[in-house]
Amino acid sequence: MNTHEYQAKEILRKYGVPIPDFRIVRNESEIAEAIASLGVDEAVVKIQVHAGGRGKAGGVKIGSSRSQIEALAKSMLGMKIVNNQTGPDGIIANEVMITPAISIAKEYYIGCTIDRKNACASLIASPEGGVEIEEVAAKHPEQILTLPFDLHVGLRNFQLVRLVKFMGWEKEHAKVGMKIAKALTKAFVDCDGDLLEINPLVMTKENEIIALDAKLSIDDNALYRQKEIAQFYDPTQVKESELRAHEAGLVYIPLVGTVGCMVNGAGLAMATMDMINHHGGSPANFLDVGGSATVEKVTEGFKIILDDPNVKAILVNIFGGIMDCKTIAEGVIAATKEVKPEVPIVVRLEGTNVAEGKKMIQKSDVAVITAEDLSDAAKKVIEAVK
């Protein structure tokens, strides 16, 4: 789950990271009071959306007077940002941040993420901030420092020393930098983060180090124990199909292909998408019905998949470990009768009660194509698309 910039900043502030003051406005009537309470005549106005590249899209602007700040905030409320991260439909900003303008002398990057290749958490830092870290890594890998850390221990002292030398921080700045790094790693672990970054972390012309921007993504599987953060969920920032899936207890991510996928288990879903690609097709979505799907969930999953006009065929790939193949069979039958899909459906079942599930489908009057294994299913669904 993604959060807004101001929500990430609120969390970091609790861990002692220096954050500039800010106000959030959600309608025009709040703007004048927010500016007055900040007590500044120059401020940065930033739209709050779950996407990067806000500045390039006109979502970050500086007002040099209170009247100009107010005008900018009014114009940016309800603004739609469209870029490669939002997709062609874009995302609308329902909240705007107003924060004092900062005189910047130097920008840095620092963040925490999960290093899946090495199966550990890592802190990533660069003395070149303010731009996408992927761009820095691609063009100037020598400007990237990666420090793996233990989830229970955090950064060790020798790693902190290495960090401040790499970033060029000395004396008091080194102490502040160490404090920020330790706070960042602790917040990342405590929040069950997938990503927590400060970009840019800046040195001001007044010689202070502060976090100018922040981004936090939480592992969805940990939200049951992150009650406070779970309340940050903003349904206006996701597509309608994703919202419907969320409300139905499904994990759904739209893609740009032609083969709709309904699978149980994230690993099997990824393998299914890979197999479709391997045989020359393109998946239209990632949809995981989970290990305890009901007939109702399966039916809703079909509806969500079929709402995508690009879907030309559907592949149902279920391995019945926890999941009962009979439940999936019931769902497929019920969904096809209710939704009446006009695209071919390929079904591959394996595992618990697979024989009963297959018999149910064969005895029903629904038109589906059965497959024996994943490779066979991928070939058949691609042929059905053609």
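Source: prediction; values computed, not measured. (Residues numbered from 1 in each chain as written. Predicted model: local features only at pLDDT ≥ 70, side-chain atom pairs only at ≥ 80, totals over all residues. Heavy atoms only, no water.)

J.: I'd love a proper account of the side chain of Ser122, names of residues and values included.
T.: Assignment of secondary structure puts Ser122 in strand E8 (residues 120-126). When near neighbours in sequence (up to four residues on either side) are disregarded, Ser122 contacts Gly111, Cys112, Thr113, Asp115, Thr146, Leu147, Pro148 and Phe149. (Helix = DSSP H or I, 4+ residues; strand = E, 2+ residues; numbered from the N terminus. Contact = heavy atoms within 4.5 Å.)

J.: Give a detailed account of the environment of Lys227, specifying residues and quantitative values.
T.: Assignment of secondary structure puts Lys227 in helix H7 (residues 227-230). As a C-alpha pair, Lys227 and Val347 span 120 residues in sequence and 38 Å in three-dimensional space.

J.: With reference to specific residues and values, describe the packing of aromatic side chains.
T.: On inspection of all chains with the given rule, the structure shows 2 aromatic pairs. Note on Tyr108 and Trp169: the rings are 5.3 Å apart at their centroids and 70° apart in plane angle, and the pair reads as edge-to-face. Remark: Trp169 occurs in the loop between helix H5 (157-167) and helix H6 (171-190) and Tyr108 occurs in strand E7 (residues 104-115); sequence separation between them is 61 residues. Summarising the burial analysis for this pair, Tyr108 and Trp169 share the class buried. (Phe/Tyr/Trp six-rings, centres within 6.5 Å; stacked < 30°, edge-to-face > 60°. Buried < 20%, exposed > 50% of the residue type's maximum accessible area, 1.4 Å probe, protein only.)

J.: Summarise the sheet that holds strand E3 (residues 60-63); cite the residues concerned and give the values.
T.: An order of E1-E6-E2-E3 is seen for the 4 strands of this open sheet, with the pairing classed as antiparallel. With partners counted over all chains shown, the strands left at the sheet margins are strand E1 (23-25) and E3, one partner each. The sheet shows a mean angle of 25° between the axes of neighbouring strands, direction not considered. Pairing of strand E2 (residues 43-47) with E3 involves 4 bridges; the strand directions are antiparallel. Residue pairing for E3: Val45 is matched across the bridge by Lys61. (Pairing = 2+ DSSP bridges. Axes fitted to C-alpha atoms, helices over the stretch in contact; angles between N-to-C directions.)

J.: Let's hear about the environment of Ala334: which residues, and what values?
T.: Secondary-structure assignment places Ala334 in helix H11 (residues 325-339). With 25 residues separating them along the chain, Ala334 and Pro309 place their C-alpha atoms 21 Å apart. Those residues in contact with Ala334 that sit more than four places away from it in its chain are Val295 and Thr299.

J.: Give a description of the pairing of strand E16 (residues 313-320) that names residues and reports values.
T.: With respect to burial, E16 is a largely interior element, 7 of its 8 residues being buried. Note: strand E14 (residues 259-263) against E16, 5 bridges, orientation parallel. Bridge pairing links Cys261 to Leu315 in E16. In the sheet, E16 pairs with strand E17 (residues 345-351) via 7 bridges, with the strands oriented parallel. Looking across to E17, one finds that Val316 is bridged to Val347.

J.: Break down the packing of H5 against H6 for me, citing the residues and quoting the values.
T.: Angle between the axes and distance between the axes: these two values describe a pair of packed helices. Closest axis-to-axis distance for the H5/H6 pair is 10 Å, and the angle between their directions is 120°. Taken together, the axes of H5 and H6 lie oblique to each other. Like other packed secondary-structure pairs, H5 and H6 cross with a definite hand, here right-handed. Contacts between H5 and H6 involve Leu160, Val161, Leu163 and Val164 from the former and Ala174, Met178, Ala181 and Lys182 from the latter. Residues belonging to the contact of H5 with H6 are distributed by class as follows: 7 nonpolar, no polar and 1 charged. (Parallel < 35°, antiparallel > 145°, perpendicular 65-115°, else oblique. Left-handed = near helix turned anticlockwise from the far one by under 90°. Nonpolar A, V, L, I, M, F, W, Y, C, P; charged D, E, K, R; others polar.)

J.: Which residues make up the pairing of strand E15 (residues 285-288), and what values go with them?
T.: Side-chain alternation along E15 places Asn285 and Leu287 on one buried face and Phe286 and Asp288 on a second face that is also buried. Pairing between strand E13 (residues 251-254) and E15: 4 bridges, direction antiparallel. Paired with Val251 across the bridge in E15 is Asp288.

J.: Which residues make up the nonpolar core, and what are the values?
T.: Core analysis: the largest hydrophobic core is formed by 45 residues, its most contacted members being Leu12, Ile110, Leu123, Leu163, Trp169, Ile198 and Leu201. Apart from the residues lying within four places of it in its own chain, the contact partners of Leu163 are Ile110, Leu123, Ala125, Leu145, Leu147 and Ala181. Counting residues in hydrophobic clusters, the runner-up holds 30 residues, among them Ala284, Val298, Cys325 and Ala335. (Core = buried A, V, L, I, M, F, W, Y, C linked by side-chain atoms within 4.5 Å.)

J.: Before we move on, could you go through the pattern of salt bridges and cite the residues and values that matter?
T.: Applying the stated criterion across every chain, the model contains 21 salt bridges. Across the salt bridge formed by Glu300 and Arg244, the nearest N and O atoms sit 3.1 Å from each other. With Glu300 in helix H10 (residues 295-306) and Arg244 in helix H8 (residues 240-248), the pair connects residues that are 56 residues apart, well separated along the chain. Residue classification places Arg244 among the partly exposed positions, given a relative accessible area of 21%. (Salt bridge = Lys/Arg side-chain N within 4 Å of Asp/Glu carboxyl O.)

J.: Account for the side chain of Gln48, with residues named and values stated.
T.: Relative to the elements of secondary structure, Gln48 occurs in the loop between E2 and E3. In this structure Gln48 comes out as buried when scored by relative accessible area, which is 1%. Not counting chain neighbours up to four residues away, the residues in contact with Gln48 comprise His4, Glu5, Tyr6, Ile24, Arg54, Ala93, Glu95, Val96, Met97 and Gln237.

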